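# Structural features, examined
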Amino acid sequence: MPSDIEDLVGFLHHGNTQIRQIAVENLVGYSAQDPKIFKVNQLEPIKDLKLLVKDYSPIAKNVVTMLVNLSEDEEILKVLAQDDAFLETLMSRITNQKEISSNELAMLFANLAKSDDLLRILKMHRTIPSPLSTSKYSMDQLMDCFVKGAEGSYNKHADFDFLSYFFADLSKHPECREYFTSPQSRDNDIIPLTKLTVFTEHKSVIRRQGVASTIKNVAFQIDTHPRFLDPDQINIMPYLLLPLMGPEEYSDEDTDGMLEDLQLLPPDKEREKDVEILKTHLETLLLLTTTREGRDLMRRIKVYPVVRECHLHVENDEVREACERVVQILKRDEEGEGEDVPPTATEGMLKVEEEEDEEDQIVEIL
């Protein structure tokens, strides 16, 4: 390691603000290219960076960018995710309406969620950040950032889109799935997942990707499927099916029983363009066929014609294969070839995809 880089790393805790700023500006690139230089002296530079998140805004913004990149390293990730004081610093900044680094902080939270240690955020509570939230719980506050802060509506510097990846990773844990699907007495009995489903057709592809993955991961909890399907609870079906639909016209036979939200769509209706998001929604439908209740509902509301048209118009092998899986199960029941689908059947089909998702959602700023 060149001595000048060693000097820069050493300047991270310098008492002079200008020197710290110069050091940080010159080290941003190395955080992505050569993370080992930040692991010297028992990770002393990481300890410095955690403190510098509270420094002046120009310094803090670069520091958060560095930590986004460095959190890809497992050892560094562990040190960051296990530090309660550091998490409180991040929470105090991301909920600040004037924070200029909120998008980078959202990316950092997304990466920190790769650590199982971060699951404790479900129970962490702190000062209520008015006017953003009325809840003392950190998880609720991050949900409020994501929902109320879309498109700069809370903080003009941020859209909080990357928090959707944070929710997606946490939702691989049963405790988080329970949070997302349970009425919250502290929030007028609202089911948290219903705050996310409305974004399945949002203009931001990052937001759509993260929300789609969150919904799918939560759907692995089979005993919550009645809540997913109930129109008075999560009511998931229109939010899964609308992204699959384009401007096609359906016959009277196809639309008989189809959800009202899916009928009489405008002629300029666009199907989701991102094939990974399409595949994710189809995989969620597949999971929801695990129960007889789910399969009966899908046949009753005419899911098959929607999947059929998606198969016909999307020229992607993986999407078409996902369509075929859904149709295979729905048609098998209709033809009396099987009454039940064991939970492991659909879970097994998606095991590989779930593992791939975990690898794909690491955020890095180059």
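For the structure itself, look to the data block above.
Just so we're clear, the structure is a prediction, and the values are computed from it rather than from any experiment.

A few words on unusual backbone geometry. Ser130 connects to Pro131 through a cis peptide bond whose omega is 5°. If you trace the backbone, Pro131 turns up in the loop between α7 (102-112) and α8 (138-148). Although it is not a glycine, Leu43 adopts a positive phi angle of roughly 65°. Among the structural elements, Leu43 can be located in helix α3 (residues 40-52). At Phe160, a residue that is not glycine, the phi angle is positive and equals roughly 60°. If you trace the backbone, Phe160 turns up in the loop between α8 and α9 (163-170).

In this section: helix α2 (residues 17-33). Its 17 residues place the ends of α2 25 Å apart at the C-alpha level, agreeing with the 24 Å of an ideal helix rising 1.5 Å per residue. The largest bend along α2 measures about 40° and falls at Leu27. Along α2, the positions that sit buried rather than exposed are Arg20, Ala23, Val24, Leu27 and Ser31. Between a side-chain oxygen at the N-terminus of α2 and the backbone nitrogen of Gln18 the separation is 2.8 Å; the capping residue is Asn16.

Bringing the pattern of salt bridges into the picture now. Under the defined criterion, the tally for this structure stands at 27 salt bridges. A salt bridge links Glu88 to Arg126; the shortest N-O distance between them is 2.9 Å. Residue Glu88 is found in helix α6 (residues 84-94), and its partner Arg126 is found in the loop between α7 and α8; the two are separated by 38 residues along the sequence. Glu88 sits in the partly exposed class, given a relative accessible area of 33%. Note that Asp187 and Lys195 form a salt bridge whose closest N and O atoms lie 2.6 Å from each other.

Parameters and conventions
Residues numbered from 1 in each chain as written. Predicted model: local features only at pLDDT ≥ 70, side-chain atom pairs only at ≥ 80, totals over all residues. Heavy atoms only, no water. Helix = DSSP H or I, 4+ residues; strand = E, 2+ residues; numbered from the N terminus. Expected span 1.5 Å × (residues − 1). Bend = angle between axes of the 7 residues up to and from the residue. Buried < 20%, exposed > 50% of the residue type's maximum accessible area, 1.4 Å probe, protein only. Polar contact = N/O pair within 3.5 Å; in protein donor to acceptor, adjacent residues only side chain to side chain. Salt bridge = Lys/Arg side-chain N within 4 Å of Asp/Glu carboxyl O.

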